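Below, each chain spelled out in residue letters.
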Amino acid sequence: MVSVALAASLLTALVAVATTARTRVLDQITHGGPLSSISVSAAAPSPGQGGLDNPTPGHAKALTGAALAQMGRIAHVTAVIPVLQDRVIVVPPAAPPSGSRLCLAPPDNESCHPSGTASPVAVPAFDDSIVGINLSDRSSIPVSLLAGTYPSPRSTTELDVTLSYLSHLGLGQQQASEIVGTDVEIGAFSVVARGFRIGLRWTTAEIVGVVTQQAGSGGLLTYPGLVRADFAWTAAGRAFGDSDAPKSPYVAALVQADQLSHVQGVRNAIAAIGYSSSAPQDVIVSVEKYLHVIEIILTAIGAVALVIAALGIANALLASVRERRREIGVMKAIGARDFDVMRTFLIEAGFLGLVGGLLGVALGIGVFLGIGSIANGYLIAQGLPGVPITLAWQIPVGAVLGATVISVLAGAVPAGRAARVAARQAVEA
Amino acid sequence: MTAAEQEPTILVEGLSHTYARRGSAVEVLRDVRLRVERGAYASLVGPSGSGKSTLLSVLGGLERPQSGTVVVGGTELTGLSGDALARFRRSTVGFVFQHFGLLDTLTASENVELALTLGGMSRAARRRRADELLGDVGLAGRAEHRPFELSGGERQRVAIARAIANEPEVILADEPTGNLDVDSAAAVAALLESLRDERGTTLVVVTHNPALAALADFHLRLVDGQLVGATALEGVDRDRLA
Ligand SMILES: Nc1ncnc2c1ncn2[C@@H]1O[C@H](COP(=O)(O)OP(=O)(O)O)[C@@H](O)[C@H]1O
Ligand SMILES: [Mg+2]
């Protein structure tokens, strides 16, 4: 029974660790987005590369609303999330918000010299892009929040910034929360008259959070509304000879397939519509294969341990049958049928397995929690997010059931032997 | 006397029994004939290895008869299936062993109840009946004791309570006092005698204990696989039964 307990604990801990590692690795690949997400770029597909995860895109090609609508009608597509983008001038605030340790003001600002040591630097305006995406369904977009909150869906004056904005200000990730609540001026370009006279459309927006994002390339992130307005302003320059002005606000789109196995088909359809796409499908498929192999190996180790334990049970029961021949004879002499004797031994085997399994699973969960907290301690010390230490209920239930069933199976041979012990053994000298 | 009552409880004709041992066959019983009337007490003696236990095994359905006819308590044992033999052992015969044959892990009461469980009795009824039986053998206060807490004589009385639990017609005892001191042996002998006198149970007792043998109605002896003894076929001492 001790061996059954150890085997069951090994099985539980190994399988739990394997499944947790799997979740973690896949999360890393998809940046927290869904496994079957495809990103479509504003470019024509380059021939012969449709099957690659990250093909070199062909020549640039505007991603139109009509094309996006067409993608939405491809079979197995569950969502098309457009990514909008516009180039803007970013002007960080001239004065820090009250109570902040930040000092973004010109040198003459007295409040910047609380101790008279630091020499504050005014941050010049810089060029960047603002990315607009529907942030409501966050499980399907590659965005994760580091500090603050997401902009509110209806506001056109709230936005999040990425770490690149922080570095423009000479700040590190540790200061992310201090930037939250500050204002930023953003100016969209446009050619407003012939002869390339530039006009800027200014918006004052509040930074409500800091994020990392893989949706588009830009230091500012918000809902599409603000970006759409800026884009309209920029695009209007076309009338005054700005042939470089973008034709479409969409720089990319995220297309969701209903499952991983349909990703390639959907990508082919996107190529047929005339756009380049990329998806980590092949990486995911091969990583999943490796993870599966690891899972199989770990499960097999646990299972082998269980089988060895079961052989131990079989052996112990066989010895017990040998030892109890006379007792079995007596049971038969007072009326037990072969079946009654067999059942007694099977129940005994099942009981050993059940108790061993329960003890083992308790031990295995303990080991898993221990390993999990050590691993989390390590990850956090390395500056990486920890893993959630949760255990699917199927694992302990499966281990207990497995231990019981295997023990009963292991008990079959001794039980059969016991049933065949001659009743005559009762009067043997 | 009705016709049914005239039927002997045990009737054996032409029973031979052979054990195959390393190629050679050993004939342990040879053309045994035996007739024991209802309520009779037969003692059986013979040298060690003469086949006494084998004969008892055949009478009690622990061994299938290899030849001849064996009728015990109205059941013809030749050709019975394993389950039918088990049913016969449960309802018709009770065994008493030299080694007592109690299950060490069970209490006295549970040992008795085991026989009733196999008979399909409900838990509460079993409990009551076991208490009653233990009272009958003079062990009323010992129901919760395990075998190691009982003396040899007490263990044998628990075993007798278990043997009579399903009210068998026949008790087969194989050296029941072989492991007992003189006083315990006397108590067991008295108990066996009372089974015959009060319940009309038929007894076949293998024993070399003179006191126990003396209580028998007639004496059987196994010599060279054959049953000898003037009373072997005539059966019961008619005077005693009358
Ligand atoms: N299962 C068996 N297989 C082979 N020989 C056996 C077996 N059981 C008993 N014998 C032999 O049969 C003979 C009679 O045994 P048994 O009936 O136990 O004798 P008793 O009870 O009179 O001492 C002995 O020689 C014994 O060794
Ligand atoms: Mg013997």
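Everything numeric here is computed off the predicted structure, so don't read it as measured data. (Residues numbered from 1 in each chain as written. Chains lettered and ligands numbered in written order. Predicted model: local features only at pLDDT ≥ 70, side-chain atom pairs only at ≥ 80, totals over all residues. Heavy atoms only, no water.)

Draft legend 1. Geometry of the overall build of chain B. Across its full length, chain B carries 10 helices and 10 strands. Sequence-distant contacts in chain B: of pairs separated by 6 or more residues, those separated by 24 or more amount to 70%. For chain B, the exposed area adds up to about 10600 Å²; of that, 48% sits on carbon and sulfur atoms. (Helix = DSSP H or I, 4+ residues; strand = E, 2+ residues; numbered from the N terminus. Contact = heavy atoms within 4.5 Å. Areas by Shrake-Rupley, 256 points an atom, 1.4 Å probe, with all protein chains shown as cover.)

Draft legend 2. Structural context of the pattern of salt bridges. Residues and elements named next belong to chain B. Across all of its chains, the model carries 23 salt bridges over all chains by this definition. As a salt-bridge pair, Glu 169 and Arg 38 come within 3.4 Å of each other at their nearest N and O atoms. Taken together, the residues span a long stretch of sequence, with Glu 169 in the loop between helix H6 (152–163) and strand E7 (170–174) and Arg 38 in the loop between strand E2 (24–36) and strand E3 (41–45) at a distance of 131 residues. Residue Glu 113 is joined to Arg 127 by a salt bridge in which the shortest nitrogen-to-oxygen separation is 3.8 Å. Here Glu 113, found in helix H4 (residues 108–118), pairs with Arg 127, found in helix H5 (residues 123–136); they are 14 residues apart in sequence, far enough to count as distant. Assessed through its relative accessible area of 11%, Glu 113 is described here as buried. (Salt bridge = Lys/Arg side-chain N within 4 Å of Asp/Glu carboxyl O. Buried < 20%, exposed > 50% of the residue type's maximum accessible area, 1.4 Å probe, protein only.)

Draft legend 3. Local environment of the interface of chain B and chain A. The interface is formed by 20 residues belonging to chain B together with 15 residues belonging to chain A. With both chains or domains summed, chain B and chain A bury close to 1700 Å², and 63% of this area falls on carbon and sulfur atoms. A per-residue breakdown of the area chain B buries against chain A is headed by Leu 62, His 99 and Leu 118 of chain B, which together make up 29% of the total. Where chain B packs against chain A, one counts one salt bridge. For the salt bridge of Glu 63 of chain B with Arg 424 of chain A, the shortest nitrogen-to-oxygen distance reads 3.3 Å. Taken together, the connections running from chain B to chain A amount to six residue pairs in polar contact (both at pLDDT 80 or more). Only helix H2 (52–59), helix H3 (82–91), strand E6 (93–97) and H4 of chain B provide two or more residues apiece to the side of chain B that touches chain A. (Buried area = accessible area lost by both parts, 1.4 Å probe. Polar contact = N/O pair within 3.5 Å; in protein donor to acceptor, adjacent residues only side chain to side chain.)

Draft legend 4. Structural view of the site of ligand 1. Taken together, 13 residues surround ligand 1, and among them Gly 49, Gly 51, Lys 52, Ser 53 and Thr 54 of chain B come closest. Near ligand 1, the surrounding residues are drawn from chains A and B. A distance of 3.5 Å separates an oxygen atom of ligand 1 from a polar atom in the side chain of Arg 21 of chain B. Take Gly 49 of chain B: an N or O atom from its main chain is 2.7 Å from an oxygen atom of ligand 1. Burial of ligand 1 by the protein chains amounts to 71% of its free accessible area of 560 Å². Contributions of two or more residues to the shell around ligand 1 are made by strand E1 (10–21) and H2 of chain B. Here the shell around ligand 1 takes three residues from H2 of chain B, the largest share from any one element. (Near = heavy atom within 4 Å.)

Draft legend 5. Geometry of the sheet that holds strand E4 (residues 69–72) of chain B. Residue and element names in this part refer to chain B. Strands sit in the order E2-E1-E4-E5 across an open sheet of four strands; the sheet is antiparallel. Of all the strands in the sheet, just E2 and strand E5 (75–76) have a single pairing partner and so form its edges. Bridge count for E4 against E5 is two bridges, and the pairing is antiparallel. By the bridge assignment, Val 71 is partnered in E5 with Glu 76. Packing of H2 onto the sheet brings it into contact with E1, E2 and E4, and relative to E1 it is tilted by some 120 degrees. (Pairing = 2+ DSSP bridges. Axes fitted to C-alpha atoms, helices over the stretch in contact; angles between N-to-C directions.)

Draft legend 6. Representation of a nonpolar patch on the surface in the model. All names here are of chain A. Among the surface-exposed residues, Val 2, Leu 6, Leu 363, Val 367 and Ile 371 lie close enough to one another that they form a single nonpolar patch of about 440 Å² accessible area. Every element with two or more residues in the nonpolar patch is listed here: helix H1 (2–30) and helix H9 (338–381). Counting residues per element, the nonpolar patch draws most heavily on H9, at three residues. Topologically, Val 2 is positioned in helix H1. (Patch = residues over 30% accessible without salt bridge, like charges linked within 9 Å, V, L, I, M, F, W, Y side chains within 5 Å.)

Draft legend 7. Quick peek at the environment of Asp 131 of chain B. All names here are of chain B. Structurally, Asp 131 is set in helix H5. Residue Asp 131 is classed as partly exposed on the basis of its relative accessible area of 37%. As a C-alpha pair, Asp 131 and Ser 109 span 22 residues in sequence and 7.0 Å in three-dimensional space.

Draft legend 8. Expanded view of the side chain of Ser 43 of chain B. All names here are of chain B. When you line up the elements, Ser 43 lands in strand E3. Exposure remark for Ser 43: the relative accessible area of 1% places this residue in the buried category. Here the side chain of Ser 43 touches His 219 through a polar contact of 2.8 Å, side chain to side chain. Aside from chain neighbours lying at most four places away, what touches Ser 43 is Val 205, Ala 213, Ala 216, Phe 218, His 219 and Leu 220.

Draft legend 9. Here's a closer look at the packing of aromatic side chains. In the structure shown here, the tally under the stated rule is two aromatic pairs over all chains. Seen from their ring centres, Phe 126 of chain A and Tyr 165 of chain A are 6.1 Å apart, and the 55 degrees between their planes marks the pair as tilted. One end of the pair, Phe 126 of chain A, is in strand E3 (residues 126–132); the other, Tyr 165 of chain A, is in helix H3 (residues 163–168), with 39 residues separating them in the sequence. Owing to a relative accessible area of 10%, Phe 126 of chain A belongs among the buried residues under this scheme. Note on Tyr 165 of chain A: relative accessible area 0%, which makes it buried. Judged by centre distance (5.8 Å) and plane angle (0 degrees), the ring pair of Phe 95 of chain B and Phe 97 of chain B falls under stacked. Judged by relative accessible area, Phe 95 of chain B falls into the buried class, the value being 4%. Stacked on the ring of Tyr 275 of chain A, the Lys or Arg Lys 61 of chain A has its end atom at 4.7 Å from the ring centre. (Phe/Tyr/Trp six-rings, centres within 6.5 Å; stacked < 30°, edge-to-face > 60°. Lys NZ or Arg CZ within 6 Å of the ring centre and 35° of its normal.)

Draft legend 10. Examining the sheet that holds strand E10 (residues 226–228) of chain B more closely. Residue and element names in this part refer to chain B. An order of E6-E7-E8-E3-E9-E10 is seen for the six strands of this open sheet, with the pairing classed as mixed. Two strands bound the open sheet, and with one partner strand each, they are E6 and E10. Strand-to-strand twist of the sheet, defined as the mean angle between neighbouring strand axes without regard to direction, takes the value 20 degrees. Looking at chain direction, E7 and strand E8 (residues 202–206) are connected through five bridges and run parallel. Bridge pairing links Ile 171 to Leu 203 in E8. Set on the sheet, H6 makes contact with E6 and E7; between it and E6 the angle comes to about 170 degrees.

Draft legend 11. Quick look at helix H8 (residues 325–333) of chain A. Listed as buried for H8 of chain A are Ile 328, Gly 329, Val 330, Met 331, Lys 332 and Ala 333 of chain A. Positive backbone phi, at 120 degrees, marks Gly 335 of chain A, one or two positions downstream of H8 of chain A.

Draft legend 12. Inspection of the pairing of E4 of chain B at higher detail. Residue and element names in this part refer to chain B. Taking every second residue as pointing to the same face, the buried face of E4 carries Val 70 and Val 72, while none of Thr 69 and Val 71 on the other face is buried. For E1 and E4, the ladder comprises four bridges, and the chain directions are antiparallel. Across the sheet, the residue bridging to Glu 13 is Thr 69, located in E4. A loop of two residues connects E4 with E5, the two strands running antiparallel in sequence, and Gly 73 in this loop sits at a positive phi of about 55 degrees.

Draft legend 13. Layout of the environment of Arg 228 of chain A. Residues and elements named next belong to chain A. Tracing the chain through its elements places Arg 228 in helix H5 (residues 224–235). Arg 228 gets classed as partly exposed once you look at its relative accessible area, which sits at 40%. Along the sequence, Arg 228 and Gln 85 sit 143 residues apart, while their C-alpha atoms lie 8.3 Å from each other. Not counting the four nearest positions on each side in its chain, Arg 228 is found in contact with Leu 84 and Tyr 250.

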